[in-house]
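# What the coordinates show
The lines below spell out each chain.
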Amino acid sequence: MTAFHLHLVSDATGETVNWVAKAALVQFETAEPTYHVWTMVRSRAQLQRVLDSLEQVGGFVLFTMVDHRLREMLQQGCRRLQIPCVPVLDPVIAALASFLGSESREQPGRQHAMDADYFDRIDAVQFSMAHDDGQGAESLEGADVVLIGVSRTSKTPTCIYLAQRGIKAANVPIVPGVSDLSHLAALQRPMVIGLTASPTRLVQIRRNRLLALNQTTQTEYADANAVEEEVVYARRLFAQHGWPMIDVSRRSIEETAAAILELYNRKVAGESET
């Protein structure tokens with residue numbers, strides 16, 4: 001493994017530079033970074049603390065900062081210390097400036113402004129939390145997307161991820177012989193999407209879950225035959241109602257959410273054409 005110090009410097013929450021760093025690092029299996037996350041860096045004094053740390057431990061710097069004076073201070077400091085320093089948004093901003101024929105605003109944290117979209121995301125998160133695991137069945141019509149699936153198909157984290165993008169996502173569990181899902185077929189506004197996974201993968205996840213809770217794995221919940229029957233039942237249910245299905249066996253939460261958004265946007269586009 002290649003161990004190194006990775007400094008993520010931002011004049012806002014650091015979310016953007018953090019995502020860029022992690023997206024890039026997955027391509028390097030031997031990389032083992034020690035993260036130093038510096039957020040809300042908006043003064044020379046704050047930036048000096050970053051440079052002091054760089055001088056002590058060295059490493060690699062990724063940053064998202066729009067104030068040209070602080071950017072220059074950081075880049076000059078890194079040149080003096082002979083430390084790589086990469087502004088991750090510069091190529092995108094420069095290309096957009098050229099395309100649009102205008103200059104960007106030097107305003108830190110502008111993507112987190114408390115505008116209508118911000119409050120839409122807050123509403124979506126609250127909705128998803130109130131409609132988790134089959135709750136709030138009487139108000140499901142207010143959802144954009146309703147995810148259904150057997151236990152441990154990543155319904156809840158996927159809903160929260162979608163909510164952070166302004167999508168009101170609810171989720172309903174499928175428990176053969178117990179769940180009554182007749183009300184889902186009557187929904188008009190939401191798009192119902194089924195999540196499934198391979199029985200082998202589900203058994204592994206459920207057994208790990210039980211072990212983490214110090215519970216026995218010798219239960220129908222983690223029994224291979226019982227789990228396979230659950231998956232078959234769920235897939236038949238999806239086919240019966242014509243609900244699209246996504247196999248999450250080898251997908252991350254982000255990949256599953258991207259597939260859901262593609263289906264949802266296609267639905268919205270189709271409705272706007274009619």
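Notes on the structure follow. Please read all numbers here as calculations on a predicted model, not as lab measurements.

On a plain count of helices and strands, the protein comes out with 10 helices and 8 strands. Across its three principal directions, the C-alpha atoms of the protein cover 70 × 50 × 30 Å. Within the protein, the fraction of its 274 residues that count as buried is 35%. Contacts in the protein between residues far apart in sequence, at least 24 positions, make up 74% of those at least 6 positions apart. Counting every atom, the protein has about 16000 Å² of accessible surface; 51% of that belongs to carbon and sulfur.

Here strand β7 (residues 191-196) lies mainly inside the structure; 6 of its 6 residues are buried. Going residue by residue along β7, you find M191, I193 and L195 tucked away on one face and V192, G194 and T196 tucked away on the opposite face as well. Note: strand β5 (residues 145-149) against β7, 4 bridges, orientation parallel. The residue bridging L147 from the neighbouring strand is I193, located in β7. Where β7 lies against strand β8 (residues 245-247), 3 bridges are found, and the strand directions are parallel. Following the sheet pairing, L195 is matched in β8 by I246.

Okay, helix α9 (residues 224-241) next. An α-helix turns once per 3.6 residues; consequently, residues spaced three or four apart project the same way. End to end, α9 covers 26 Å across 18 residues, agreeing with the expected 26 Å (1.5 Å per residue, within 8%). All of the buried residues along α9 are A226, V227, E230, V231, A234, L237 and F238. One face of α9 carries all of its buried residues, which in axial projection span an arc of 140°. Along α9, the residues that are exposed and aim more than 90 degrees away from the buried face are N225, E229, R236, A239 and Q240. Contacts made by the buried residues of α9 are with β5, β7, α8 (199-212) and β8. Near the N-terminus of α9, the side chain that reaches the backbone nitrogen of N225, with its oxygen 3.2 Å away, is that of D223. Phi for G242, located one or two positions after α9, is positive at around 70°.

Of the pairings in the sheet, the one linking strand β1 (residues 2-10) to strand β2 (residues 31-38) comprises 8 bridges and is parallel in character. Paired with A3 across the bridge in β2 is E32. Looking at chain direction, β1 and strand β3 (residues 60-64) are connected through 5 bridges and run parallel. Counted as the bridge partner of S10 is T64 from β3.

It is worth spelling out unusual backbone geometry at this point. Notably, R152 is not glycine yet its phi reads approximately 75°, a positive angle. Considering the arrangement of structural elements, one finds R152 in the loop between β5 and α6 (155-163). On the accessibility criterion, R152 (35% relative accessible area) is partly exposed.

Another aspect to go through is the environment of A239. In this fold, A239 is placed in helix α9. Looking at A239, the relative accessible area reads 61%, which means it is exposed. Remark: the alpha-carbon pair of A239 and L187, spanning 52 residues in sequence, is separated by 17 Å.

Our next topic: a negative patch on the surface. Together, E220, D223, E228 and E229 make up a negatively charged patch on the protein surface. Secondary-structure assignment places E228 in helix α9.

A word on the packing of helix α2 (residues 44-57) against helix α3 (residues 68-81). Running from N to C, α2 and α3 point in directions that differ by 15°, and their axes come no closer than 10 Å. By the angle between their directions, the pair α2 and α3 is classed as roughly parallel. Here α2 and α3 pass one another in a crossing that is right-handed. Taking contact as the criterion, the partners of R44, L47, Q48, L51, L54 and E55 in α2 are, on α3, L70, M73, L74, G77, C78, R80 and L81. Of the residues contributing to the contact of α2 with α3, the split by class is 8 nonpolar, 2 polar and 3 charged.

The next point concerns the sheet that holds β5. Strand pairing in a sheet relies on backbone hydrogen bonds, with the paired strands running either antiparallel or parallel. Pairing within the open sheet is parallel, and its 4 strands lie in the order β6-β5-β7-β8. Taken across any chain shown, the strands that pair with only one partner, and hence form the sheet edges, are β6 (169-173) and β8. Direction aside, neighbouring strands of the sheet carry axes that sit 25° apart on average. The pairing of β5 with β6 spans 5 bridges and is parallel. Bridged to V145 within β6 is A169. Lying on the sheet, α6 is in contact with β5, β6 and β7; it crosses β6 at an angle near 170°. The sheet strands contacting α9 are β5, β7 and β8, and the helix crosses β7 at an angle near 155°.

Rules used throughout
- Residues numbered from 1 in each chain as written.
- Predicted model: local features only at pLDDT ≥ 70, side-chain atom pairs only at ≥ 80, totals over all residues.
- Heavy atoms only, no water.
- Helix = DSSP H or I, 4+ residues; strand = E, 2+ residues; numbered from the N terminus.
- Buried < 20%, exposed > 50% of the residue type's maximum accessible area, 1.4 Å probe, protein only.
- Contact = heavy atoms within 4.5 Å.
- Areas by Shrake-Rupley, 256 points an atom, 1.4 Å probe, with all protein chains shown as cover.
- Pairing = 2+ DSSP bridges.
- Expected span 1.5 Å × (residues − 1).
- Arc of directions from axis to C-beta.
- Polar contact = N/O pair within 3.5 Å; in protein donor to acceptor, adjacent residues only side chain to side chain.
- Patch = residues over 30% accessible without salt bridge, like charges linked within 9 Å, V, L, I, M, F, W, Y side chains within 5 Å.
- Salt bridge = Lys/Arg side-chain N within 4 Å of Asp/Glu carboxyl O.
- Lys, Arg positive; Asp, Glu negative; His and termini not counted.
- Charge placed at Lys NZ, Arg CZ, Asp CG, Glu CD.
- Axes fitted to C-alpha atoms, helices over the stretch in contact; angles between N-to-C directions.
- Parallel < 35°, antiparallel > 145°, perpendicular 65-115°, else oblique.
- Left-handed = near helix turned anticlockwise from the far one by under 90°.
- Nonpolar A, V, L, I, M, F, W, Y, C, P; charged D, E, K, R; others polar.

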